[in-house]
Amino acid sequence: MHLGLDCSTQSFSALIIDGPDGPIVYEGSVNFERDLPHYQTTSGFIHSDEPAEVFSDPLMWVEALDLLLAQMVKDGIDLSAIEAISGSGQQHATVYLNQQFDRTLANLQSHLTLKEQLASCLSRPLSPIWMDTSTTTECAEIAKALGGNDEVCRRTGSVAELRFSGPQIRKFAKQSPDAWKLTKTIHLNSSFHASILAGKSVSIDHGDGAGMNLMNLETGKWDPEIVAITAPDLARKLPSLAPSSSVTGTISPYFSQKYGFNPQTKIVLWSGDNPNSLVGMGAATPGNMVISLGTSYTLFAAMEKPLTDPNGFGHVFGNPLGGFMSLICFNEGSLACEKLKDELGLTWEEFDKWAASDKATPVRELLDRQFTAMLEKSAWMHLNPTTIRVTGGGSQSAGIRQTISRIFNAPVQQIQTTSSAALGAAIRASKVG
Ligand code: XUL
């Protein structure tokens, strides 16, 4: 059996598959807002007095991990049957650790909690997350120092982005020089959790590493110039980069003693939620493209070569199964549909009928506009999808599925999964274990 863990914005989830292509035999989840109310989050995140800043709490994540594993044992899951574990983290979130981190991980005590032991390892109590938009100045500074955003995009796969880790790191180094000096290691949400499971500080994988504005896509290594521009002494604070399929070792005795894992359980590097979803949606080989129709729409697909978006709108991340993946976010997504539905006084059923109608209706006009823009903005990827896999709330609508099929000129397949990131992580674990 193989375990995929997923620390997303709102929850920490676990999913077990039985055999490499086997069925899902367990799904469990800890919801941050509901199950850990003492962190006072809204849907798992924390706003500061500065409206553009959005944080989460790494101690909440580790408390959730302990809770989740205890719940699995209580649910009767025999964790000694797990051969390998991998995981998924919300992308871009950075965790700032002091010099105690390595020593603490090497000596984790199973009679204490992770929270109790890791609390003194943070050089910054909170972690800025992907919803944070407070780094306009830092993005401009990085782009200027490197000779423009075209160059940032050419090297790292994205223009300097507000939510990406590099600009966030620069802001922290500028604003809190003392805490910056005490920071020995910076992890992503993904590599932080993989390190805890492995009982030692492990690499950042190419999938999530590409979401930092620090990794050179062509070399798969930190780009020395951007790293030097981003913050003083940053090169020494970054873990190494490694392929997502790397096995980092076996599980820390903390987990085998406390929850009954086999001490030989392999830990595979974690990756970001989008790279993991690419695997979970069965789209890690070129051909299948994914459109996720949630509050915002995202389009992602595997790419063999690191093509970048000349308009600076899309992103390139590592594909955990090798090569690259592209991703574009469209913020308005289903919100625009909901607004039009309410303006016209329609139910979702009527909205769907209008969407599928042969006549020009305002609903068809909106959807045509949305998906034509999606086609145009994804032209740089040079994709010729044989199938488009759709997921998320909007994928329930036959009218939306028809619109996508017509505009992209490819068959559309609806995938019913709410846990594609955890599933992708479990599948990745099954490939090595
Ligand atoms: C991708 C992004 C989000 C987060 C959500 O660039 O910011 O999809 O990964 O967890």
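Since this is a predicted model, take the numbers as computed values, not measurements.

Below, the discussion takes up the overall build of the protein chain. When helices and strands are tallied, the protein chain shows 19 helices and 22 strands. Computed over its C-alpha atoms, the radius of gyration of the protein chain comes to 21 Å, within 12% of the 22 Å expected for a compact globule of 433 residues. Seen through its C-alpha atoms, the protein chain measures out along the principal axes to roughly 70 × 55 × 40 Å. Burial status across the protein chain gives 58% buried among its 433 residues. Sequence-distant contacts, at least 24 apart, represent 71% of the contacts inside the protein chain between residues at least 6 apart. Accessible surface for the protein chain amounts to roughly 17,500 Å². Of this, 51% is attributable to carbon and sulfur atoms. The positive charge centre, built from 33 side chains, and the negative charge centre, built from 44, are 4 Å apart in the protein chain.

Turning our eyes to something else, we now look at the site of the ligand. Residues in contact with the ligand, as listed here, are Gln 90, Gln 91, His 92, Trp 130, Arg 163, Asp 273, Asn 274 and Phe 317. Between an oxygen atom of the ligand and a side-chain N or O atom of Asn 274, the distance comes to 3.1 Å. For the ligand, the protein covers 91% of the area, taking 290 Å² as the surface of the free molecule. Considered class by class, the residues forming the shell around the ligand number two nonpolar, four polar and two charged.

Two orientations exist for strands paired in a sheet by backbone hydrogen bonds: parallel and antiparallel. Read across the sheet, six strands follow the order 19-20-18-17-21-22 without closing on themselves; strand pairing throughout is mixed. The strands lining the two open edges of the sheet, one partner per strand, are strand 19 (315–318) and strand 22 (412–414). Strand-to-strand twist across the sheet, computed as the mean angle between neighbouring axes with direction ignored, equals 25 degrees. With seven bridges joining them, strand 18 (residues 297–303) and strand 20 (residues 324–330) adopt antiparallel strand pairing. Paired with Thr 298 across the bridge in strand 20 is Cys 329.

What follows is about unusual backbone geometry. One non-glycine residue, Ser 43, lies in the positive phi region at around 50 degrees. Among the structural elements, Ser 43 can be located in the loop between helix 1 (32–35) and strand 4 (46–47). Of note in this structure, Asn 409 is not a glycine but carries a positive phi near 55 degrees. With respect to the helices, strands and loops of the structure, Asn 409 is situated in the loop between helix 18 (398–408) and strand 22.

All chains considered together, the criterion is met by eleven aromatic pairs. A ring pair is formed by Phe 12 and Trp 270, whose centres lie 6.4 Å apart and whose planes are at 80 degrees; its orientation type is edge-to-face. One end of the pair, Phe 12, is in strand 2 (residues 11–17); the other, Trp 270, is in the loop between strand 15 (266–268) and strand 16 (271–272), with 258 residues separating them in the sequence. Assessed through its relative accessible area of 0%, Phe 12 is described here as buried.

With that out of the way, let us pick up helix 17 (residues 362–377). Taking 1.5 Å as the rise per residue, helix 17 with 16 residues should run 22 Å; its terminal C-alpha atoms sit 22 Å apart, in good agreement. For helix 17, every residue scored as buried is listed here: Val 363, Arg 364, Leu 366, Leu 367, Gln 370, Phe 371 and Met 374. Projected down its long axis, helix 17 shows its buried positions confined to an angular sector of 165 degrees, all on one face. For helix 17, the exposed residues lying more than 90 degrees away from the buried face are Glu 365, Arg 369 and Glu 376. Lining the buried residues of helix 17 we find strand 17 (288–293), strand 18, strand 20, helix 15 (333–344), helix 16 (348–356) and helix 18.

So, about the domain arrangement of the protein chain. What the domain assignment reports for the protein chain is domain 1 (2–274 + 422–430) and domain 2 (282–414). In this structure, domain 1 and domain 2 have C-alpha centres spaced 28 Å apart. Counting from both sides, the interface comprises 21 residues of domain 1 and, opposite them, 16 residues of domain 2. The largest per-residue losses of area from domain 1 upon contact with domain 2 belong to Cys 153, Leu 217 and Asn 274, which jointly make up 35% of the total buried on that side. Here domain 1 is connected to domain 2 by zero salt bridges. Our enumeration of links across domain 1 and domain 2 arrives at four residue pairs in polar contact (both at pLDDT 80 or more). Contributing elements (two or more residues each) for the side of domain 1 that touches domain 2: helix 6 (149–156) and helix 10 (206–209). The element best represented in the side of domain 1 that touches domain 2 is helix 6, accounting for three residues. Residue classes in the side of domain 1 that touches domain 2 are distributed as five nonpolar, twelve polar and four charged.

What follows concerns helix 7 (residues 165–175). Burial of helix 7 is extensive: nine of the eleven residues sit out of reach of the surface. Residues of helix 7 that are buried: Ser 165, Gly 166, Pro 167, Gln 168, Ile 169, Arg 170, Lys 171, Phe 172 and Ala 173.

It is worth spelling out the environment of Leu 217 at this point. By the secondary structure assignment, Leu 217 is in the loop between strand 11 (215–216) and strand 12 (221–222). Along the sequence, Leu 217 and Glu 350 sit 133 residues apart, while their C-alpha atoms lie 46 Å from each other. Apart from residues no more than four positions distant in its own chain, Leu 217 is found in contact with Arg 155, Thr 156, Gly 157, Ala 210, Pro 306, Thr 308, Val 316 and Phe 324.

Rules and cut-offs
- Residues numbered from 1 in each chain as written.
- Predicted model: local features only at pLDDT ≥ 70, side-chain atom pairs only at ≥ 80, totals over all residues.
- Heavy atoms only, no water.
- Helix = DSSP H or I, 4+ residues; strand = E, 2+ residues; numbered from the N terminus.
- Rg over C-alpha atoms; globule rule 2.2 N^0.38 Å.
- Buried < 20%, exposed > 50% of the residue type's maximum accessible area, 1.4 Å probe, protein only.
- Contact = heavy atoms within 4.5 Å.
- Areas by Shrake-Rupley, 256 points an atom, 1.4 Å probe, with all protein chains shown as cover.
- Lys, Arg positive; Asp, Glu negative; His and termini not counted.
- Charge placed at Lys NZ, Arg CZ, Asp CG, Glu CD.
- Near = heavy atom within 4 Å.
- Polar contact = N/O pair within 3.5 Å; in protein donor to acceptor, adjacent residues only side chain to side chain.
- Nonpolar A, V, L, I, M, F, W, Y, C, P; charged D, E, K, R; others polar.
- Pairing = 2+ DSSP bridges.
- Axes fitted to C-alpha atoms, helices over the stretch in contact; angles between N-to-C directions.
- Phe/Tyr/Trp six-rings, centres within 6.5 Å; stacked < 30°, edge-to-face > 60°.
- Expected span 1.5 Å × (residues − 1).
- Arc of directions from axis to C-beta.
- Domains from an automatic or database assignment.
- Buried area = accessible area lost by both parts, 1.4 Å probe.
- Salt bridge = Lys/Arg side-chain N within 4 Å of Asp/Glu carboxyl O.

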